[in-house]
Amino acid sequence: WQAWCEHPENHISTGTAVVDGHNVLELKGKGGWLTPIIFKLPKPVLCTEKTMLHFKIWADQPIECDINIGNMEEQAQYAHTFDLKANEWTEVQRYFAKSYYKFHGKPDIPNDGFLGDHIELIQVATQGTHVMMSEIEIFEADGTEKEMPPEPAHIIQRRQQKDIAI
């Protein structure tokens, strides 16, 4: 994992700690966007309808977070959105195939979703001076796993209006 912040003059320190017996990626900065990123997965992951991302996250500020996901074939970014409360661990679990198109992409390739394409980048957009992530994994679910936490109401509404793909 690497990290990015919106103020280039800010220093980001990354490290690992142990919380409740689990290794934790810990980011500290001076405020604003503080974003854990995997710029390139060691090996691109083929997305099936059961490919799932799971992690736990903690931040010192409340924020609506986006999980930005790079689609290798389309060179586009897709996303999942969730609310993060301050100073509280949140468990996140999402199916990649249900992410919505966000931006970018090759002009000659339609942005038709992740199913059958490869995941090459994962970025979790958070804000604050202290962010921690734990228990990060990509796996093939059995299809019974639930997504959590619920999407924010405005994302659910946009999906219902078909402004963003399901």
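Please read all numbers here as calculations on a predicted model, not as lab measurements.

### Thoughts on the packing of aromatic side chains
Turning to step 1, where the next piece is worked out: All told, the structure shown has three aromatic pairs when counted by the stated rule.
Turning to step 2, where the next piece is worked out: Arranged with centres 5.7 Å apart and planes meeting at 80°, the rings of Tyr 78 and Tyr 101 form a pair that is edge-to-face. Of the two residues, Tyr 78 is situated in strand β8 (residues 76–84) and Tyr 101 in strand β10 (residues 100–104); the sequence distance between them amounts to 23 residues.
Turning to step 3, where the next piece is worked out: What makes Tyr 78 buried here is its relative accessible area of 2%.
Turning to step 4, where the next piece is worked out: Taken together, the ring pairs in this structure connect Tyr 78, Tyr 101 and Phe 114 into an aromatic cluster.

### Re the pairing of β8
Turning to step 1, where the next piece is worked out: The element β8 is largely enclosed, with a buried count of eight among its nine residues.
Turning to step 2, where the next piece is worked out: Relative to β8, strand β7 (residues 63–71) runs antiparallel, the two being bridged by nine bridges. Residue Glu 64 lies in a different strand from β8, and its bridge partner there is Asp 83.
Turning to step 3, where the next piece is worked out: Joining the antiparallel neighbours β7 and β8 is a turn of four residues, in which Gln 75 adopts a positive phi near 55°.
Turning to step 4, where the next piece is worked out: Direction of pairing for β8 relative to β10: antiparallel, over a ladder of four bridges.

### A short note on the nonpolar core
Turning to step 1, where the next piece is worked out: By size, the foremost hydrophobic cluster in this structure holds 27 residues, and its most contacted members are Phe 55, Ile 57, Ile 67, Phe 82 and Ile 119.
Turning to step 2, where the next piece is worked out: Of all the secondary-structure elements, those providing two or more residues to this core are β3 (22–28), β4 (34–38), β6 (51–59), β7, β8, β11 (118–125) and β12 (130–140).
Turning to step 3, where the next piece is worked out: Every residue in contact with Phe 82, bar those within four places of it in the chain, is listed here: Phe 55, Ile 57, Ile 63, Glu 64, Cys 65, Ile 67, Val 92, Arg 94, Val 124, Pro 149 and Pro 152.

### Observations concerning the confidence of the model for the chain
Turning to step 1, where the next piece is worked out: Averaged over the chain, the pLDDT score is 84; the fraction of residues at 70 or greater is 89%.
Turning to step 2, where the next piece is worked out: The weakest mean pLDDT in the chain belongs to strand β2 (residues 13–19) at 67; the strongest belongs to strand β9 (residues 90–95) at 96.

### Quick look at the pattern of salt bridges
Turning to step 1, where the next piece is worked out: Inspection of every chain in the model, using the stated rule, returns two salt bridges.
Turning to step 2, where the next piece is worked out: Among the salt bridges present, the one from Lys 102 reaches Asp 66, with a minimum N-O distance of 2.8 Å. Pair noted here: Lys 102 is in strand β10 and Asp 66 is in strand β7, with a separation of 36 residues, a long-range link.
Turning to step 3, where the next piece is worked out: What makes Lys 102 partly exposed here is its relative accessible area of 28%.
Turning to step 4, where the next piece is worked out: Owing to a relative accessible area of 15%, Asp 66 belongs among the buried residues under this scheme.

Scoring rules and cut-offs
Residues numbered from 1 in each chain as written. Predicted model: local features only at pLDDT ≥ 70, side-chain atom pairs only at ≥ 80, totals over all residues. Heavy atoms only, no water. Phe/Tyr/Trp six-rings, centres within 6.5 Å; stacked < 30°, edge-to-face > 60°. Helix = DSSP H or I, 4+ residues; strand = E, 2+ residues; numbered from the N terminus. Buried < 20%, exposed > 50% of the residue type's maximum accessible area, 1.4 Å probe, protein only. Pairing = 2+ DSSP bridges. Core = buried A, V, L, I, M, F, W, Y, C linked by side-chain atoms within 4.5 Å. Contact = heavy atoms within 4.5 Å. pLDDT = per-residue confidence, 0-100. Salt bridge = Lys/Arg side-chain N within 4 Å of Asp/Glu carboxyl O.

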